[in-house]
Each structure stands twice: as C-alpha cells, then as structure tokens.
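Each chain, written out:
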Number of protein chains: 2
Amino acid sequence: LSATPAASIAAAAGSPFVRACRRQTVPHTPVWFMRQAGRSLPEYRSLRGDGSILAAIADPAVAAEATVQPVRRYGVDAAILFSDIVVPVHAVGFGVDVVPGQGPVVERPFRSASDLTRLRPLEPAVDSPYVAEAVRLAVAELAPSKVPLIGFAGAPFTVASYLVEGGPSRTFARVKSLMHAEPGLWTALLDRLASMAVAFLTAQVEAGAAAVQLFDSWAGWLAPYEYEQWVLPATRQVLERVASLGVPTILFGVGTGELLGLMGGAGADVVGVDWRVPLDQARRRGGGGRAVQGNLDPALCVGPWPVTEAAARRVLEEAGTEPGHVFNLGHGVLPETDPGILAELVALVHAEGRAGVTEGGRTAVAG
Amino acid sequence: LSATPAASIAAAAGSPFVRACRRQTVPHTPVWFMRQAGRSLPEYRSLRGDGSILAAIADPAVAAEATVQPVRRYGVDAAILFSDIVVPVHAVGFGVDVVPGQGPVVERPFRSASDLTRLRPLEPAVDSPYVAEAVRLAVAELAPSKVPLIGFAGAPFTVASYLVEGGPSRTFARVKSLMHAEPGLWTALLDRLASMAVAFLTAQVEAGAAAVQLFDSWAGWLAPYEYEQWVLPATRQVLERVASLGVPTILFGVGTGELLGLMGGAGADVVGVDWRVPLDQARRRGGGGRAVQGNLDPALCVGPWPVTEAAARRVLEEAGTEPGHVFNLGHGVLPETDPGILAELVALVHAEGRAGVTEGGRTAVAG
C-alpha cells in the first residue's frame, strides 16, 4: 500500500477512463461493465460461494479480489468497487439484507417520521471501515496496471425506494405515494440518504477511488415532474458535494429517456444511459458539457458473438467522434453472460471506438 | 341478444369513447381503465374465487359478468373484454397457463423452427368460441347504457416474448437473442402471431366489439431500431387488417417514449402511453392524425385521493383542448387500488376534461 490516495487519483487522471469522463482526447475508447464483478465470472462464483453478499462486502480481502477479477479477465479500463447500494443503510442498522435471487429486503420498511431516527448519519470509519479498506487493497493491486477504481453509492431515490417498498418493486406505489402525500417527510428522508451517500463516497475517494458513480437505477419509473421536484434536488446535492473531491462523477439510471435533460443538469460529469436512447440523442438531450456512458443492451451479450458485435458497432457509431464516451452496457451484466464474449467486446471497443480518439493515440495503440 | 353486431357498432359510433378515438368532439372526456375488470373489485374477487383465470375466460357467463362489473361500479365510458393475451396461443394448444401472482408460463418454450408447427392458425369459432360468446353476452348487457365494448389481443412481439422466454422476463434476453440471431425464424414467428391476432380480433368485432386494443406491453424494452426492423411490420399488418373492420384501433405499450413516432405510424387510431411522457409531448411525437390514450400513473391511484386528484388534473391539463384524448391509466389498475378512488376519478375526468369537449356538450352535461 505504497501510494497515497491523492497519488492514486493523480495517476488516474491520465487514464483513458478519467480522460473520457472529462471529455478529453483518449488513445482508445475506455470500457467497463456494470456488474462486471459478478456471477457471470467463474472465479467470482468460486470466491463467493453461497455466502451472504453483505458478508463478502464486509471482508476487505474478498471485496478487493472481486473488484480486481474483471480487470484481470477482461482488460477493462476501470474497476468498480465490489459493494452494494444498501451498505450504508445496513451499516447504520436500518435492518436490510440482500436475499439471493431477490435483492434487498427491509425488515421494517420506512413508513413514518419516527423511522427517520433509524437513519442516523453514516460515520464510514466506524460504521463501515471495511469499505475503505477494500478500496485501499484494490487500488494497491491495480496500481501497476494504472487502472482506476470507481467508487459508488445508491442515489437517494433508489435507496429510498427499497426502504419504503421493503424490497424490489415493479410499481413503486408506496414510495410514490409517500413522495406525493408527505413531501416534507419525503424531503427529510432524501436529505438523510443524500448525506449518507456523500459520506460513503467521500470515504471511498479518500481511500483512493478515482471516480464515483451514483446509481439512480429506478429513477426512470418516475414522471419528469416528479423527478425534477422530489428527486433532482437531493441528487444534485450529492453530486455537488462530491465534485469538490476532484474526481469525475457519473449519474446512471435505467429507462431515463425523458429525464436526460434534467439528469444532465444534476452536476455529474457523465450521464449513463440504457439501450433505449441512441447515444447521439443522449448526448443532445443531456445538454452540453457532459460525457455519456453506455449503452449496449446486456441482453445482447448472452451471445452469439455476431449479435453482440453488430450491436456494439452500432453503439460506437452512435457515440460519434466527439470526446466524452465511456463504453458500457445499458444495465448490469446478466449472470448467464459468457465471459468470452465480454473479453471480445473489450477488444472490439479498444480497436474501433472513435469518440475523442486521437490519431496519435490510435497509432500508438496500433503500434 | 336482440341487436346485431353491426347495429352495436353503429350505435357505438356516437359514444364519447369512439368519438374521442376518432378525434371528434365529445360531450365529455371518455375514461376507462386497463385492468378495470380485476382484483381491485370485490365483486370480481367473489365472481372469480380462486379458480384458474383461463377457466374463467372460457366460461362466457363469467367473462361477460367480469367485463360489465366495472361499468356498473365506475360508470366508465367503455368496457374491455375480460380475457388474456395468451388465449389464442393457449387455444391452439401451445401449452400456456396463467399462474396466479406470476403470469403466463409456457410448458415448452419456443426455441426453433420446429416449434412453428405448434402455432397453427387460430379458428376462433372452433378453438375459442367462448370468446365471441362472452362478447355477445356483454354487448347485450351493455346495450341499454350504450357503453361500447373494447376487444383486444396481444401484439405479436409481446406474445412472442412469453413464448420464447417461457414466462415473464425482466431482461428479454432470449427473445432479443432470437430476433437478432435468427431474423428469418423471428419473422415467421411474428407472422403467425399476427395472423392469430387478426383472427382473434376479427371474431370479437364480428360479435359486437366496437373498438380493439393491441397490447404491446413490453415493446418499450426494445431499442428503436429493433422495434422498427423486427416488430413494427407485424404490428402494422395486424392494425391494417383490423382497420378494414371499421372500428377504431388502439396501440398500447409501457416505456415507449422513444418509440412513439414509430408507433404513431403503425396504423392505429389511438396511441396509448404510460405516465413517463407528458401527453402534450406524446401527441407531438405520435405524429398528426392520432388520438392519445392515458396516462395517469396507476401507482398514484392507491390513494390518498388528493394525490390521485392532483395527478389526474395534471394529465387533463397536458391533454389540452384538441380533440382526441381517451383518459386511462398508464398501465393496469393495481390490485391494491381502492375502487372508491377510481369512481371519484371517473367523475373528475367527466367534469374537468377539455380535449374536444364542446360547450354544448359541457352545458348538456352540467345541466
């Protein structure tokens, strides 16, 4: 653990991933995959076994190893910390478990103002020291390859949706009802979750994460006016406070076509989009000054390879030549994905990506 | 059963619902709810009990009663046949069941060209005579109130998604993989499903249905190019052939913001949209010449009433004053919905809707 966190971040500034986030020229289009550390990898399955995911996250050696595995396997341009968006609320004792095949399940869902007391501020060094430790271990492991580590947190709305619904939902009826019927309580809840996200992300950056992604995975289930009124302010608060840490920020959600203008103004350097919106349109809708991340449909990565290849070439085409494209999937890697296909995909993106790719960089890579 | 089907259809032409579908002036904004016949109604639960939904659909007296119940309860402007999108494939013996709390489950999913033989053409009079009989019974029951009956079918893609995935899916990986990897087989599958939908809808119209809705519920999980290339042609085929029957057609899907331009050109008179796209934008994107149906979020109908009311007023505002708005939810009624709220909602829409509402009509209603 020789390098200081500040040194890791400084070193990462020259990486294709961080440069693309900042819409600078790159030697090749950087690529990583949401859920690249996961069940699609045999080495991950053998590392994890059948144990609880929250227990694995709380073991820094295991979490760091899961974080680094996909870099070794695929040669991706960024690692993402092996963790979960419910870690902070779990860490302050809200009573959340992650059930295999189901997702986060909350013992006593958030229902009224009295539940706010169950969401005390997160003190990362005390409540979840294993997270910073996993970051430090992973960053040390990644240092020789100069691959940056992305830290992450759940955005206030998406975390709130689990707390209020009590688990995964297809309708979000309870959380929407709370938002509309008790806007004061809703704002108080989101404020607490925003502060927890800031603390959680800050701890990761201080431990060496060179970028952060805020997952607002379910924001796309909201109407634009709901997002603008009841979700955007807390999201912006997180992004603005994290921006002062000096690392690029990414804001991601699924089904967010109608929200891209608002999300583009939330303060992130990069807006992540799913496969529904072609990247050229996403760039326009996200407003000027933002890079885009995405957006290959993970359903097209289960094979056969020619299907993946054709769809990936379309994504690269739509990304264009302007700087500011981080190649990714439109959502997480599906467990049934063949790792061989993702490895081929990384090679294709490196060879064929054009967004902000300099001729010199191209020549240097080719040579 | 005195009126002939042609007479029912002619009578329905003057109804606010059919007039709004055709973008004609109306005395009040018509309203109905997807899944208005369903578990949110106590009388439905007592009618259905715990039996199989496919058995209930196959009993014309039960199906007709379930169809008419919401008209009695809510005073909605249209009934929709109590049926299911898998009825045609079930009726030709593909081996589909509808499992409570889960949805359609397919015994042997569609995997290869040999499965095409399991999808022989539907002969409604032989394979599913109970459907036309239920339509006739419901239409006779509705005749005194002059409330039209909507027939429906699943659109080829959405039905195919169940056949290929084997049940409900969150990723549609198998069906997308088939579409991309075996476009010839995919087209053959969609052609068969299109023909079945046409036969199924024709039988309903010939029995007295005064409009039809094509449910392409999961089309919004596709990228626009996939929809245009592999889904739109079969959808258009169904809508064009049904248009010749002389009743208005509605095309509905969830999460279709990126597809509205394409869906608007598919040949339906009305494009249904969910709550993600404000109706004023939906009208523009659907192109000229189409009415819109929607789009209150069903999650906002679980109460309390002021939440539903405010959201419904917003929908009416966004619908504007131009003719061609059928008020509906953005997706089906949730089972936990309080029927009292839907009854209040109907009254609100009738009193406050403005799209194509004539002053004479308004005065007549108010008087």
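Presented here is a report on the structure given in the accompanying data block. Quick caveat, the model's predicted, so the values are computed rather than measured. Residue numbers run consecutively from 1 along every chain, following the written order of its sequence. Whichever chain is written first becomes A and whichever ligand is written first becomes 1, with later ones labelled in order. For a predicted model such as this one, the threshold for reporting local features is a pLDDT of at least 70, and the threshold for listing and counting side-chain atom pairs is 80 or more; totals across whole chains, interfaces and linings nevertheless cover every residue. To obtain the side-chain values, all non-hydrogen atoms of the structure were included, while hydrogens and water were left out.

Residue and element names in this part refer to chain B. Between the N-to-C directions of two axes lies an angle of 0 to 180 degrees, each axis being a line fitted to C-alpha atoms and, for a helix, fitted only over the stretch in contact. Elements are defined by DSSP. Helices are runs of H or I of four residues or more, strands are runs of E of two residues or more, and each kind is numbered from the N terminus. Two elements in contact, helix α11 (residues 183–206) and helix α13 (residues 232–243), have axes whose closest approach is 9 Å; the angle formed by their N-to-C orientations is 25°. For the element pair α11 / α13, the angle class is roughly parallel. The crossing of α11 and α13 is right-handed. Where α11 abuts α13, its residues Leu190, Asp191, Ala194, Ser195, Ala197, Val198 and Leu201 lie against Ala234, Gln237, Val238, Arg241 and Val242. We call two directions roughly parallel when the angle between them is under 35 degrees, roughly antiparallel when it is over 145, roughly perpendicular when it lies between 65 and 115, and oblique otherwise. When the near helix sits turned anticlockwise from the far one by under a right angle, the crossing is termed left-handed; a clockwise turn instead gives a right-handed crossing. Any pair of residues with heavy atoms lying within 4.5 Å of one another is described as a contacting pair.

With that out of the way, let us pick up the sheet that holds strand β1 (residues 79–80) of chain A. Residues and elements named next belong to chain A. Taken together, seven strands build an open sheet; the order of strands is β1-β4-β5-β6-β7-β8-β9 and the sheet is parallel. Here the strands that pair on one side only, and so sit at the sheet edges, are β1 and β9 (325–329). Any two strands with at least two DSSP-identified bridges between them are counted as paired. Across five bridges, strand β8 (residues 291–296) lies against β9 in parallel orientation. Across the sheet, Gln293 pairs through a bridge with Val326, a residue of β9.

The next subject is the sheet that holds strand β4 (residues 149–154) of chain B. Hydrogen bonds between backbone atoms are what pair the strands of a sheet, whose relative direction is either parallel or antiparallel. Across the sheet, which stays open at both edges, the seven strands sit in the order β1-β4-β5-β6-β7-β8-β9 (chain B) with parallel pairing between neighbours. Across the chains shown, the open sheet's two edge strands, defined by having one partner strand only, are β1 (79–80) and β9 (325–329) of chain B.

Residues and elements named next belong to chain A. Throughout this description, the term salt bridge denotes a Lys or Arg side-chain nitrogen within 4 Å of a carboxyl oxygen of Asp or Glu. Under the criterion given, the structure shown has 22 salt bridges over all chains. Of the charged contacts in the structure, one is a salt bridge between Glu133 and Arg136, with a shortest N-O distance of 3.2 Å. One end of the pair, Glu133, and the other, Arg136, are both in helix α8 (residues 129–142), three residues apart, so they sit about a helical turn from each other. Note on Arg136: relative accessible area 35%, which makes it partly exposed. Think of it in three bands: with a 1.4 Å probe and only protein chains considered, a residue is buried below 20% of the maximum accessible area for its type, exposed above 50%, and partly exposed in between.

Residue and element names in this part refer to chain A. Put simply, two rings from Phe, Tyr or Trp (the six-membered ring, in Trp's case) pair if the centres are within 6.5 Å, and we call them stacked under 30 degrees between planes, edge-to-face over 60, tilted for the rest. Considering all chains together, one arrives at 18 aromatic pairs over all chains under this definition. Note on Phe172 and Trp218: the rings are 6.5 Å apart at their centroids and 40° apart in plane angle, and the pair reads as tilted. With Phe172 in the loop between α9 (156–165) and α10 (173–181) and Trp218 in the loop between β5 (211–215) and α12 (224–230), this residue pair connects regions lying 46 residues apart in the sequence. Taking the relative accessible area as the measure of exposure, Phe172 reaches 3% and is therefore buried.

Taken together, the 36 residues of chain A in the interface contact 36 residues of chain B. We define buried area as the total accessible area lost by two parts upon association, computed with a 1.4 Å probe and summed across both. Counting the surface lost from both chain A and chain B, the interface buries some 2600 Å², and carbon and sulfur atoms represent 56% of this. Contact with chain B buries surface across chain A, with Tyr225, Glu258 and Arg276 of chain A losing the most and accounting together for 23% of the total. Summed over the shared surface of chain A and chain B, the number is four salt bridges. A salt bridge links Asp297 of chain B to Lys176 of chain A, with the nearest nitrogen and oxygen atoms 2.5 Å apart. Two N or O atoms form a polar contact when they lie within 3.5 Å of each other; inside protein one atom must be a possible hydrogen donor and the other a possible acceptor, and for residues adjacent in sequence the pair counts only when both atoms belong to side chains. The interface formed by chain A and chain B contains 10 residue pairs in polar contact (both at pLDDT 80 or more). Secondary structure elements with two or more residues in the side of chain A that touches chain B: α10, α12, α15 (279–285) and α16 (305–319) of chain A. Considering each element in turn, the side of chain A that touches chain B owes the most residues, five residues, to α10 of chain A. Classification convention: Asp, Glu, Lys, Arg as charged; Ala, Val, Leu, Ile, Met, Phe, Trp, Tyr, Cys, Pro as nonpolar; all other residues, Gly among them, as polar. Looking at the side of chain A that touches chain B residue by residue, the classes come out as 18 nonpolar, nine polar and nine charged.

This part is about helix α13 (residues 232–243) of chain A. Residue and element names in this part refer to chain A. Helices are assigned an expected span. That span is 1.5 Å times one less than the residue count. With 12 residues, α13 extends 16 Å between its outermost C-alpha atoms, agreeing within 8% with the 16 Å of an ideal straight helix rising 1.5 Å per residue. For α13, every residue scored as buried is listed here: Leu232, Ala234, Thr235, Val238, Leu239 and Val242. Tucked into the core, α13 has its buried residues touching α9, α11 (183–206), β5, α12, β6 (249–252) and α14 (260–264).

Below, the discussion takes up the pairing of strand β8 (residues 291–296) of chain B. Where a strand is regular, its side chains alternate between the two sheet faces. Residue and element names in this part refer to chain B. For β8, a buried count of six out of six residues is recorded, marking the element as mostly surrounded by other parts of the structure. When the strands point away from the viewer, a crossover counts as right-handed if the path from the first strand over the helix to the second runs clockwise. In this view, the connection linking strand β7 (residues 270–272) to its parallel neighbour β8 by way of helix α15 (residues 279–285) has right-handed handedness. The parallel pair β8 and β9 is bridged by helix α16 (residues 305–319), and the resulting crossover is right-handed.

Residues and elements named next belong to chain B. Put simply, helix α10 (residues 173–181) and α11 touch, their axes get as near as 5 Å, and they point 115° apart. Judged by the angle between their axes, α10 and α11 are roughly perpendicular. Along the contact surface, α10 presents Val175, Leu178, Met179, His180 and Ala181, while α11 presents Pro183, Leu185, Trp186 and Leu189. Residue composition of the contact of α10 with α11, grouped by class: eight nonpolar, one polar and no charged.

Let us now look at the side chain of Asp77 of chain A. All names here are of chain A. On the secondary structure map, Asp77 appears in the loop between α5 (60–74) and β1. For Asp77, the side chain forms a polar contact with the side chain of His350, separated by 2.6 Å. Excluding its chain neighbours within four sequence positions, the residues that come into contact with Asp77 are Pro16, Phe17, His28, Thr29, Pro30, Val31, Val147, Pro148 and His350.

Quick look at the pairing of β5 of chain A now. All names here are of chain A. In terms of burial, β5 is largely enclosed, as five of its five residues are buried. A two-sided burial pattern is seen for β5, the buried positions comprising Ala211, Gln213 and Phe215 on one face and Val212 and Leu214 on the other. In the sheet, strand β4 (residues 149–154) pairs with β5 via five bridges, with the strands oriented parallel. Looking at the pairing, Gly151 lines up with Val212 of β5. As defined by bridge partners, β5 adjoins β6 across four bridges and the pair is classed as parallel. For Leu214, the partnering residue across the bridge sits in β6 and is Leu251.

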